[in-house]
Amino acid sequence: MKLETITGIDRMRERSRAAHAQGIKVGFVPTMGYLHEGHLSLMRRARRECGLAVASIFVNPFQFGPEEDFARYPRDLDHDMMLLERCETDLLFHPAASQIYPQGGPGYSTWVGVEGLSDVLCGLSRPGHFRGVATVVTKLLNIVEPDVAYFGQKDAQQAIIIRTLVRDLNMTTRIEVCPTVREADGLAMSSRNKYLSAPERRAATALYRALSAAGAAAAGGERSPREIVGKARSVLEAEPLLKLEYLEIVSLDDLKPIATTQLSGKALLAVAGRIGVTRLIDNITVAVKD
Ligand code: AMP
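Just so we're clear, the structure is a prediction, and the values are computed from it rather than from any experiment.

1. Some points on the packing of aromatic side chains
On inspection of all chains with the given rule, the structure shows seven aromatic pairs. An angle of 75° between the planes, with centres 5.1 Å apart, marks the rings of Phe-62 and Trp-111 as edge-to-face. Within this pair, whereas Phe-62 is found in the loop between strand E3 (52–57) and helix H3 (77–86), its partner Trp-111 is found in the loop between helix H4 (97–100) and helix H5 (122–125), the two being separated by 49 residues in sequence. Here Phe-62 falls in the partly exposed class, since its relative accessible area comes to 28%. Residue placement shows Arg-75 over the ring face of Phe-70; its charged tip is 5.1 Å from the ring centre. It is Arg-131 that lies over the ring of Trp-111; its NZ or CZ is 4.2 Å from the centre.

Here it is, written out as structure tokens:
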């Protein structure tokens, strides 16, 4: 089946409303393109669960800081379209920035801020990032009007922020968060992995090795958050190319630091760091033994 590409907002909404009028469920995967298996796992799930499977590709300028990689963010629309077609996506929404932000930025007035969740973890080193994400996702959900939207656990903080904004703004889309897809050596797939040189690519495995060491300690009976984090920290500190930004164990629901001396149930262990010019993030859920 041929992938249909839509650039106009009105046309996109028309297609979605026509599907709804026929009782067809609309599934939506928002992306910034340069697609990999992580994105495609979301797309396949949308395909399985919905009658109309929609992807969007939009590199959102307002979620990049002034010193960040907006201009050089990898883009390959033809290849992305081939991959989308291969996993039987019905429709690609690919708007121009001037459609999404018609007043060109400075004259654009409305921003979505999710308080409390946006200024921790990645929000500390990327001020304004989650305001940009929350705003563009709100706009895309208002345009596509999907029944279900799929996001990756790889961006755990983003997923929690989106769940929260959908709940708080009484939006009707159901949010599904799907597991992180990894390379064979554990590195979480990311469009930014393309920036890594061969030695940097080897160093990048430290993130998941560190998280796994901590996860194994918790699964083996370690309950002290400090000890669990310590296991990950020693793996990260052994990697000279990695400049650690944060390593934190936080509540899965609200990203608050785990303050107790004994962990019970589950928590999110999240890491971010730089290898050369590339910023990488990863996370796992740690579960302590009952
Ligand atoms: P991006 O294009 O980076 O904005 O990502 C679009 C969507 O794909 C987001 O919901 C991401 O969380 C998700 N995603 C990115 N990488 C992965 C991965 N390795 N596994 C699962 N989902 C991912």
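2. Considerations on empty space enclosed by the protein
Here the structure, examined in full by the defined rule, presents one cavity of 30 Å³ or more. As a volume, the largest cavity reaches approximately 60 Å³. Among the elements of the structure, helix H9 (205–219) and strand E9 (278–287) are those that each provide at least two residues to the lining of the largest cavity. Tallied by class, the residues present in the lining of the largest cavity amount to seven nonpolar, four polar and two charged.

3. Describing the state of the cysteines
Counting across every chain of the model gives zero disulfides. No disulfide involves Cys-122; its sulfur sits 19 Å from that of Cys-178, the nearest cysteine.

4. Let's talk about the nonpolar core
The biggest cluster of nonpolar side chains holds 45 residues, and the ones touching the most others in it are Met-12, Val-54, Phe-93, Val-144 and Ile-162. At nine residues, helix H6 (residues 129–144) tops the list of elements feeding residues into this core. Every residue in contact with Phe-93, bar those within four places of it in the chain, is listed here: Ile-6, Thr-7, Gly-8, Ile-9, Met-12, Ala-55, Ser-56, Ile-57, Leu-140, Ile-143 and Val-144.

5. Observations regarding the pairing of strand E5 (residues 148–152)
Counting buried residues in E5 gives five out of five residues, a clear majority hidden from the surface. A two-sided burial pattern is seen for E5, the buried positions comprising Val-148, Tyr-150 and Gly-152 on one face and Ala-149 and Phe-151 on the other. Alignment of E5 against strand E6 (residues 174–178), held across five bridges, turns out to be parallel. Following the sheet pairing, Val-148 is matched in E6 by Arg-174. Read from E5 through helix H7 (residues 156–168) to E6, the crossover connection turns out right-handed.

6. As for helix H2 (residues 37–49)
Look at H2: 18 Å from first C-alpha to last across 13 residues, which is about the 18 Å you get at 1.5 Å a residue. Considered for burial, the residues of H2 that qualify are Gly-38, His-39, Leu-40, Leu-42, Met-43, Arg-45, Ala-46 and Arg-47. Packed against the buried residues of H2 are strand E2 (26–31), E3, H3, E5 and E6.

7. Comments concerning the layout of surface pockets
Approximately 180 Å³ is the volume found for the second largest pocket. If you go around the second largest pocket, you meet 14 residues; those closest to its centre are Ile-57, Phe-58, Val-59, Arg-75 and His-94.

8. A word on the site of the ligand
Surrounding the ligand, one finds 17 residues, the nearest of these being Met-32, His-39, Asp-155, Val-181 and Met-189. Contact distances for the ligand include 2.6 Å between an oxygen atom and a side-chain N or O atom of Asp-155. Interatomic distance of 2.9 Å between a backbone N/O atom of Met-189 and a nitrogen atom of the ligand. When the free accessible area of the ligand is taken as 480 Å², the share hidden by the protein chains comes to 92%. The biggest single contributor to the shell around the ligand is H2, with three residues. Counted by class, the shell around the ligand contains eight nonpolar, seven polar and two charged residues.

9. Description of the pattern of salt bridges
Two side chains that carry opposite charge are able to pair once their charged atoms sit near each other. Tallying each qualifying case throughout the model produces 17 salt bridges. Between Arg-45 and Glu-176 there is a salt bridge, with its nearest N and O atoms 3.1 Å apart. Note that Arg-45 is positioned in helix H2 and Glu-176 in strand E6, a separation of 131 residues in sequence. No difference in accessibility class separates Arg-45 from Glu-176, as the two residues are buried. Taking the shortest distance from any N to any O, the salt bridge between Arg-182 and Asp-282 comes out at 2.8 Å. Separated by 100 residues along the polypeptide, Arg-182 in the loop between E6 and helix H8 (198–203) and Asp-282 in strand E9 bring together distant segments of the chain. Looking at Asp-282, the relative accessible area reads 3%, which means it is buried.

10. Points about the packing of helix H1 (residues 9–21) against H6
Close contact between H1 and H6 brings their axes to 7 Å; oriented N to C, the two are set at 55°. With respect to H6, the element H1 is oriented oblique. Here H1 contributes Ile-9, Met-12, Arg-13 and Ser-16 to the contact with H6, which in turn contributes Asn-142, Ile-143 and Val-144. Looking at side-chain class alone, the contact of H1 with H6 contains four nonpolar, two polar and one charged residues.

Cut-offs applied
Residues numbered from 1 in each chain as written. Predicted model: local features only at pLDDT ≥ 70, side-chain atom pairs only at ≥ 80, totals over all residues. Heavy atoms only, no water. Phe/Tyr/Trp six-rings, centres within 6.5 Å; stacked < 30°, edge-to-face > 60°. Helix = DSSP H or I, 4+ residues; strand = E, 2+ residues; numbered from the N terminus. Buried < 20%, exposed > 50% of the residue type's maximum accessible area, 1.4 Å probe, protein only. Lys NZ or Arg CZ within 6 Å of the ring centre and 35° of its normal. 1 Å grid on protein atoms, 1.4 Å probe; cavity = no way out; pocket = protein on both sides within 12 Å on 5 of 7 lines; lining within 4 Å. Points joined across faces, edges and corners; volume = space filled by probe spheres on them. Nonpolar A, V, L, I, M, F, W, Y, C, P; charged D, E, K, R; others polar. Disulfide = S-S within 2.5 Å. Core = buried A, V, L, I, M, F, W, Y, C linked by side-chain atoms within 4.5 Å. Contact = heavy atoms within 4.5 Å. Pairing = 2+ DSSP bridges. Right-handed = clockwise from strand over helix to strand, strands pointing away. Expected span 1.5 Å × (residues − 1). Near = heavy atom within 4 Å. Polar contact = N/O pair within 3.5 Å; in protein donor to acceptor, adjacent residues only side chain to side chain. Areas by Shrake-Rupley, 256 points an atom, 1.4 Å probe, with all protein chains shown as cover. Salt bridge = Lys/Arg side-chain N within 4 Å of Asp/Glu carboxyl O. Axes fitted to C-alpha atoms, helices over the stretch in contact; angles between N-to-C directions. Parallel < 35°, antiparallel > 145°, perpendicular 65-115°, else oblique.

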